[in-house]
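One-letter residues, chain by chain:
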Amino acid sequence: MLYCIKLVCNGCDLAATRRGMYDSCPFCRTPLPADDASKLAMVQKRVSKGDADAIAHLSCKYYFGQLGLTKDVPRAIELYTE
């Protein structure tokens, strides 16, 4: 699973669920974003800090037109090649 732009293994995700952490990130314990705008803001914050995983993630969102973004393949390629 992908939380806070960090990959968390299924075992850690399962352990967090068994502890009752349904609405927070098992990696950093922050509440999970409820809507696309909040998710996009979280990703863009990480992108602005130069996080390579976040840049690749945002690139995919532009490529497929997700999180309220319009599909923009040239922008996706630009981000992916940064």
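The structure we're discussing is the one just above.
Residues numbered from 1 in each chain as written. Predicted model: local features only at pLDDT ≥ 70, side-chain atom pairs only at ≥ 80, totals over all residues. Heavy atoms only, no water.

### Things to note about the packing of helix H3 (residues 52-64) against helix H4 (residues 73-80)
Phase 1 of the analysis: The N-to-C vectors of H3 and H4 enclose an angle of 165°; their axes lie 8 Å apart at closest approach. Here H3 lies roughly antiparallel to H4, going by the angle between them. When the axes of H3 and H4 are compared, the crossing they make is left-handed. From H3, Ile55, Ala56, Leu58, Ser59, Tyr62 and Tyr63 reach across to H4, where they touch Val73, Arg75, Ala76, Leu79 and Tyr80.
Phase 2 of the analysis: Considering only residue class, the contact of H3 with H4 consists of nine nonpolar, one polar and one charged. (Axes fitted to C-alpha atoms, helices over the stretch in contact; angles between N-to-C directions. Helix = DSSP H or I, 4+ residues; strand = E, 2+ residues; numbered from the N terminus. Parallel < 35°, antiparallel > 145°, perpendicular 65-115°, else oblique. Left-handed = near helix turned anticlockwise from the far one by under 90°. Contact = heavy atoms within 4.5 Å. Nonpolar A, V, L, I, M, F, W, Y, C, P; charged D, E, K, R; others polar.)

### So, the nonpolar core
Phase 1 of the analysis: Core analysis: the largest hydrophobic core is formed by twelve residues, namely Ile5, Leu40, Val43, Val47, Ala54, Ile55, Leu58, Tyr62, Leu67, Leu69, Ala76 and Leu79.
Phase 2 of the analysis: Of all the secondary structure elements, the ones that give two or more residues to this core are helix H2 (36-48), H3 and H4.
Phase 3 of the analysis: Looking at which element gives the most residues to this core, the answer is H3, with four residues.
Phase 4 of the analysis: Beyond its immediate chain neighbours, meaning those up to four positions away, alanine 76 contacts Ser59, Tyr62 and Tyr63. (Core = buried A, V, L, I, M, F, W, Y, C linked by side-chain atoms within 4.5 Å. Buried < 20%, exposed > 50% of the residue type's maximum accessible area, 1.4 Å probe, protein only.)

### Considerations on H3
In an α-helix there are 3.6 residues to a turn, and that puts residues three or four apart on one side.
Phase 1 of the analysis: In this model H3 runs 19 Å from its N-terminal to its C-terminal C-alpha over 13 residues, within 8% of the 18 Å that 1.5 Å per residue would give.
Phase 2 of the analysis: Of all the positions in H3, only Ala54, Ile55, His57, Leu58, Ser59, Lys61 and Tyr62 are classed as buried.
Phase 3 of the analysis: Its side-chain oxygen at 2.9 Å from the backbone nitrogen of aspartate 53, aspartate 51 defines the N-terminal cap of H3.
Phase 4 of the analysis: Phi turns positive, to about 70°, at glycine 65, one or two residues after H3. (Expected span 1.5 Å × (residues − 1). Polar contact = N/O pair within 3.5 Å; in protein donor to acceptor, adjacent residues only side chain to side chain.)

### Considerations on the side chain of aspartate 51
Phase 1 of the analysis: Tracing the sequence through the fold places aspartate 51 in the loop between H2 and H3.
Phase 2 of the analysis: There is a polar contact of 3.2 Å between the side chain of aspartate 51 and the side chain of arginine 46.

### Observations concerning the packing of H2 against H3
Phase 1 of the analysis: Their axes nearest at 8 Å, the elements H2 and H3 cross at an angle of 135°. As judged from the angle between their axes, H2 and H3 are oblique. As for how H2 packs across H3, the hand of that crossing is left-handed. Together, Leu40, Val43, Arg46 and Val47 of H2 and Ala54, Ile55, His57 and Leu58 of H3 make up the contact between the two elements.
Phase 2 of the analysis: Residue classes in the contact of H2 with H3 are distributed as six nonpolar, one polar and one charged.

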